[in-house]
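# Fold and contact review
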Amino acid sequence: MNVKYQLKRLARSALAPLLYRYPPFALAPERLYLFLHHLVETKDVPGPIVEIGCNLGGTAVIAKQMLNRLGVDKPYVCIDTFDGFVDEQFATDVALGTPSGDQNLFSGNSRDLVAKIMQRHRCGDVALVQGDVTTIPDALLPQPCSAVLLDVDLTEPTYVALKRFWPRMSPGGTILVDDCQESSSWKARVGYSRFCEEAGLEPRYRYGMGLLTK
Ligand SMILES: C[S@@+](CC[C@H](N)C(=O)[O-])C[C@H]1O[C@@H](n2cnc3c(N)ncnc32)[C@H](O)[C@@H]1O
């Protein structure tokens with residue numbers, strides 16, 4: 001890894017109690033609302049909640065704290081490279097118009113840092129699985145799932161994650177895909193619509209998220 005991002009990682013880790021005293025989430029407020037709403041709607045659907053692409057874990061903290069307060073006792077699993085985008089996946093989307101300068105937006109992270117942030121917010125029971133969602137072994141993917149937030153921004157990991165997780169959803173379970181607004185520089189919508197077309201599912205959009213309910 002580049003020295004600049006190693007230093008960023010070290011600084012963030014040393015200053016974590018101060019920098020992350022409030023949950024560091026990256027979802028737009030209306031999408032955070034929609035995700036939380038679906039967690040309530042699916043509270044009786046069996047299976048863990050999975051967030052694919054959690055960055056620093058702020059959305060996971062807010063969601064897990066809400067579930068705890070509501071007495072919903074389900075595992076919450078975060079999957080991330082914990083080091084940003086996979087080079088080839090990012091390059092594919094640069095060819096579709098994603099600005100190359102966005103490549104390292106989520107670099108300089110680590111699983112240890114996110115674990116520290118989880119502990120800081122009393123969410124140490126959130127499971128953190130490290131890897132590229134397109135290649136993580138099947139055995140590490142939860143099944144069945146009640147709700148999935150898919151927030152990896154790019155075409156390829158969005159498409160492959162949908163192919164891997166749709167069969168894992170419980171009846172009544174919902175997948176929410178972030179960054180599916182028409183005019184976004186992120187290309188998650190391309191992966192979402194490709195999956196829907198191949199699977200014969202009707203694409204449904206709300207607040208710029210793509211939705212699929214089993
Ligand atoms: C927009 S951030 C997630 C924000 C987070 N859901 C939140 O609400 O705060 C996108 C995340 O996707 C992760 N990511 C991108 N490609 C991935 C891949 N192929 N496998 C796993 N994680 C990936 C990045 O490391 C980054 O942390």
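Structural data are supplied above this passage.
Residues numbered from 1 in each chain as written. Predicted model: local features only at pLDDT ≥ 70, side-chain atom pairs only at ≥ 80, totals over all residues. Heavy atoms only, no water.

### Brief notes about the overall build of the chain
Inclusion rule: Starting at the N terminus, helices and strands are each numbered in turn, a helix being any DSSP run of H or I of at least four residues and a strand any DSSP run of E of at least two. With C-alpha atoms as the basis for the radius of gyration, the globule rule is written as 2.2 Å multiplied by the number of residues raised to the power 0.38. Relative accessibility under 20% of the residue-type maximum defines a buried residue, over 50% an exposed one, and the middle range a partly exposed one, all with a 1.4 Å probe and only protein chains included. Contacts are assigned to residue pairs with any non-hydrogen atoms lying within 4.5 Å of each other.
Assigned secondary structure in the chain consists of eight helices and seven strands. Relative to the 2.2 N^0.38 estimate, which gives 17 Å for 214 residues, the radius of gyration of the chain is 16 Å and therefore close to what a compact globule would have. The principal-axis extents of the C-alpha atoms in the chain amount to approximately 45 × 45 × 35 Å. Buried residues in the chain amount to 53% of all 214 residues. A separation threshold of at least 6 residues defines the contact pool for the chain, and within that pool the share at least 24 residues apart is 79%.

### Some remarks on the packing of aromatic side chains
Our working definition: What counts as a ring pair is set by centres within 6.5 Å for rings of Phe, Tyr and Trp (its six-membered ring), and what kind of pair is set by the plane angle: stacked under 30 degrees, edge-to-face over 60, tilted for all other angles.
Taken as a whole and assessed by the stated rule, the structure comprises five aromatic pairs. Their ring planes at 45 degrees and their centres at 5.5 Å tell us that Phe 85 and Trp 186 sit as a pair that is tilted. Of the two residues, Phe 85 sits in the loop between β2 (76-80) and α5 (87-94) while Trp 186 sits in the loop between β5 (169-177) and α8 (188-199), which places them 101 residues apart along the sequence. Each member of the pair, Phe 85 as well as Trp 186, is classed as buried.

### Some points on the pairing of β2
Put simply, the rule is: Note: two strands are recorded as paired if DSSP finds a minimum of 2 bridges between them. With the strands aimed away from the viewer, a crossover counts as right-handed if its path from the first strand over the helix to the second runs clockwise.
Across the five residues that make up β2, a large majority, five, are buried. Here β2 shows a buried face lined by Tyr 76, Cys 78 and Asp 80 and a second buried face lined by Val 77 and Ile 79. Sheet topology note: the strand β1 (residues 49-52)/β2 ladder contains four bridges and is parallel. Among the inter-strand pairings, Glu 51 is bridged to a residue of β2, identified as Cys 78. Assessed by its sense of winding, the connection that carries the chain from β1 through helix α4 (residues 58-69) to β2 is right-handed.

### Quick notes on the site of the ligand
Formally: Whether a residue is near a molecule or strand depends on its heavy atoms: if one lies within 4 Å, it is near. Under this definition, polar contacts are N or O atom pairs within 3.5 Å; protein pairs additionally need one hydrogen-donor-capable and one acceptor-capable atom, and for neighbouring residues in sequence, both atoms have to be side-chain atoms. The Shrake-Rupley method, run with a 1.4 Å probe sphere, supplies the accessible areas, and residue values consider only the shown protein chains as cover. Residues were grouped as follows: Ala, Val, Leu, Ile, Met, Phe, Trp, Tyr, Cys and Pro as nonpolar; Asp, Glu, Lys and Arg as charged; and all remaining residues, including Gly, as polar.
Near the ligand lie 22 residues; those nearest to it are Ala 26, Gly 53, Thr 59, Asp 80 and Asp 151. Here Ala 26 contributes a backbone N or O atom positioned 2.8 Å from an oxygen atom of the ligand. Considering the ligand on its own, with 600 Å² of exposed area, one finds that the protein chains cover 98% of that surface. Of the residues belonging to the shell around the ligand, the class tally is ten nonpolar, seven polar and five charged.

### Quick look at the side chain of Asn 55
Tracing the backbone through its elements, the reader meets Asn 55 in the loop between β1 and α4. Residue classification places Asn 55 among the buried residues on the basis of a relative accessible area of 18%. With residues up to four places along the chain from it excluded, the contact list for Asn 55 reads Asp 80, Phe 82, Phe 106, Asn 109 and Val 114.

### Side note on the pattern of salt bridges
Note the following rule: Here, a salt bridge means any side-chain nitrogen of Lys or Arg that lies within 4 Å of a carboxyl oxygen of Asp or Glu.
The tally for this structure, following the rule as stated, stands at seven salt bridges. As a salt-bridge pair, Arg 168 and Asp 138 come within 3.6 Å of each other at their nearest N and O atoms. Residue Arg 168 is found in the loop between α7 (155-165) and β5, and its partner Asp 138 is found in the loop between β3 (127-130) and β4 (145-150); the two are separated by 30 residues along the sequence. Judged by its relative accessible area of 11%, Arg 168 is buried. It is possible to trace a salt-bridge network through shared partners that takes in Arg 31, Asp 178 and Asp 179.

### Topic: the environment of Glu 51
Counting through the fold element by element, Glu 51 comes out in strand β1. Linking Glu 51 and Ile 175, residues 124 residues apart in sequence, is a C-alpha distance of 9.8 Å. At 2.6 Å, the side chain of Glu 51 forms a polar contact with the side chain of Tyr 76.

### A word on α8
Here is the rule we go by: Here a helix's expected span is defined as the number of its residues, less one, multiplied by 1.5 Å. Each C-beta atom gives one direction from the helix axis, and the arc is the one those directions make.
The terminal C-alpha atoms of α8, which comprises twelve residues, lie 17 Å apart, in line with the 16 Å expected from a rise of 1.5 Å per residue. Within the sequence span of α8, burial applies to Ala 188, Gly 191, Tyr 192, Phe 195 and Cys 196. The buried residues of α8 occupy one face: seen down the axis, they fall within an arc of 130 degrees. Summarising the geometry of α8, the exposed residues directed more than 90 degrees from the buried face are Glu 197 and Glu 198. In this fold, the buried residues of α8 make contact with α7, β5, β6 (204-206) and β7 (209-213). Phi turns positive one or two residues past the end of α8, at Gly 200, with a value near 70 degrees.

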